[in-house]
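Understanding the architecture of this molecule
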Amino acid sequence: DLPGLGQTWSTPTPLRARIGSGVGQNERLLALAFGAGYDTLQDDGPYTADTQGNGIFMIDALSGNTLWRAGSSGGANFTSEDFTNSIVSDIRALELSRDGLTDRLYATDVGGQLWRFDLWNGEAAENFATGGVIASLGGAANQTNPIENRRFYYAPDAALVTGRAGSRFMHLGVGSGYRAHPLDK
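These lines cover the structure that appears in this document, whether it is placed above or below. Within each chain, residue numbers correspond to sequence positions counted from 1 in written order. Whole-chain, interface and lining totals are the exception, using all residues; otherwise, since this is a predicted model, local features are given only for residues with pLDDT of at least 70 and side-chain atom pairs are given and counted only at 80 or more. Water and hydrogen atoms were dropped before computing side-chain values, which therefore reflect all heavy atoms in the structure.

Quick look at the overall build of the protein chain
For the purposes of this entry, the term helix denotes a DSSP run of H or I that reaches at least four residues, the term strand denotes a run of E that reaches at least two, and both are numbered from the N terminus. Helix and strand content of the protein chain: 0 helices and 11 strands. Listed by position from the N terminus, the elements making up the protein chain come as β-β-β-β-β-β-β-β-β-β-β. Accessible area is worked out with a 1.4 Å probe on protein chains only. A residue is then buried under 20% of its type maximum, exposed over 50%, and partly exposed in between. Counting the 185 residues in the protein chain, one finds 42% classified as buried. Under the convention used here, a 1.4 Å probe and the Shrake-Rupley method define accessible areas, while residue burial counts only the protein chains that appear. Accessible surface computed for the protein chain: about 9400 Å², of which carbon and sulfur atoms make up 47%.

Here we look at the sheet that holds strand β8 (residues 113-119)
Ordered by their spatial adjacency, 4 strands build an open sheet running β6-β7-β8-β9, and the pairing between neighbours is antiparallel. At either end of the open sheet lies a strand with only one pairing partner, and these are β6 (92-94) and β9 (129-136). Sheet twist, expressed as the mean angle between neighbouring strand axes with direction ignored, is 15 degrees. Paired strands, as defined in this entry, are two strands with at least two bridges between them according to DSSP. Every axis corresponds to a line fitted to the C-alpha atoms, with the helix fit spanning only the stretch in contact, and the corresponding angles, defined between N-to-C directions, vary from 0 to 180 degrees.

Structural notes on the sheet that holds strand β2 (residues 29-35)
As summarised here, the arrangement of the 5 strands in space is β1-β2-β3-β4-β5, forming an open sheet in which the pairing is mixed. On the outer flanks of this sheet lie β1 (13-17) and β5 (78-79), each paired with one strand and no other. Bridging between β1 and β2 involves 5 bridges; their strand directions are antiparallel. Note that in β2 the partner of Leu-15 across the bridge is Ala-31.

Side note on the nonpolar core
Residues enter a nonpolar core if they are buried and are Ala, Val, Leu, Ile, Met, Phe, Trp, Tyr or Cys, with the set joined through side-chain atoms within 4.5 Å. Core analysis: the largest hydrophobic core is formed by 23 residues, its most contacted members being Ile-19, Ile-56, Met-58, Trp-68, Leu-105, Phe-117 and Phe-128. Within the second largest apolar cluster, 5 residues are counted, among which are Val-88, Val-110, Tyr-153 and Tyr-178.

Quick notes on the pairing of strand β3 (residues 55-60)
Of all 6 residues in β3, 6 are buried, a share of seventy percent or more. Side chains of β3 alternate between two faces, with Gly-55, Phe-57 and Ile-59 and Ile-56, Met-58 and Asp-60 buried alike. Bridging between β3 and strand β4 (residues 66-71) involves 5 bridges; their strand directions are antiparallel. Looking across to β4, one finds that Phe-57 is bridged to Arg-69. What sits between β3 and β4 in their antiparallel hairpin is a turn of 5 residues, with Gly-64 showing a positive phi close to 85 degrees.

Describing the environment of Gly-138
Structurally, Gly-138 can be placed in the loop between β9 and β10 (157-162). Taking the C-alpha atoms as reference points, Gly-138 and Arg-150, 12 residues apart in sequence, are found 4.7 Å from one another.

Focus on unusual backbone geometry
With phi around 65 degrees, Arg-98 is a residue other than glycine that occupies positive phi space. Mapped onto the elements of the fold, Arg-98 is located in the loop between β6 and β7 (104-108). With relative accessibility at 79%, the residue Arg-98 sits in the exposed group. The phi dihedral of Ala-165 is positive, around 60 degrees, even though this residue is not glycine. Here Ala-165 lies in the loop between β10 and β11 (168-173).

Focus: the packing of aromatic side chains
A pair of aromatic rings is counted whenever rings of Phe, Tyr or Trp (Trp by its six-membered ring) have centres within 6.5 Å, and the orientation is called stacked for planes under 30 degrees apart, edge-to-face for over 60 and tilted otherwise. Summed over the entire model, instances satisfying the criterion amount to 8 aromatic pairs. Aromatic side chains Trp-68 and Phe-128 sit 6.1 Å apart centroid to centroid with 65 degrees between the ring planes, which places their arrangement in the edge-to-face category. Of this pair, Trp-68 sits in strand β4 while Phe-128 sits in the loop between β8 and β9, and the two are 60 residues apart along the sequence. Just as Trp-68 is buried, Phe-128 falls in that class too. Three or more aromatic residues link up through ring pairs in this structure, and these residues are Trp-68, Phe-78, Phe-83, Trp-115, Phe-117 and Phe-128.

Description of the pattern of salt bridges
Salt bridges, as used here, are contacts in which a Lys or Arg side-chain nitrogen is within 4 Å of a carboxyl oxygen on Asp or Glu. All chains considered together, the criterion is met by 3 salt bridges. The residue Arg-92 makes a salt bridge to Asp-157 at a minimum N-O spacing of 3.3 Å. One end of the pair, Arg-92, is in strand β6; the other, Asp-157, is in strand β10, and 65 residues separate them in sequence. The exposed category is assigned to Asp-157, whose relative accessible area is 51%. A salt bridge links Arg-104 to Asp-118; the shortest N-O distance between them is 3.0 Å. Taken together, the positions of Arg-104 in strand β7 and Asp-118 in strand β8 put the pair 14 residues apart, joining distant regions of the chain. Pair check on accessibility: Arg-104 and Asp-118 agree, each one buried.

Structure below.
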């Protein structure tokens, strides 16, 4: 039921969403979002693309049915060729519109990429999310320089900031490391 699932390191993040037109206008499904897991290819050596764990799952918290899935292929609702690395981080879910439904997700992967997804509640699963990589800070982007391979194992911290003249922006903070060999450079 969960194609490409790797070792499950991501703690499921509870959220409320409305996927599809069959859901009532006021119904908010309780869902769980989590990274598709860790690929043990990351245990040894420099950067490598992963064969599992490169995606995100959102399941119904009560039935366990898959509501939405992001990945490189294989029937994913949201696809991107940038899903080359496993996502072991928790998923950061934000509710920005004050309607009780999650509007945005952030995630990181072990290839040093930061992901953003905008959620369109009420849309079918195929149109439920838009987005992709918003920053590539190591790993996949720096295959020729192993020292620059940054792996992200934790979700980014997010803070909505109001700047001068009332402008608003999202501030994201993320840290890297190599959990398989924490003393390596």
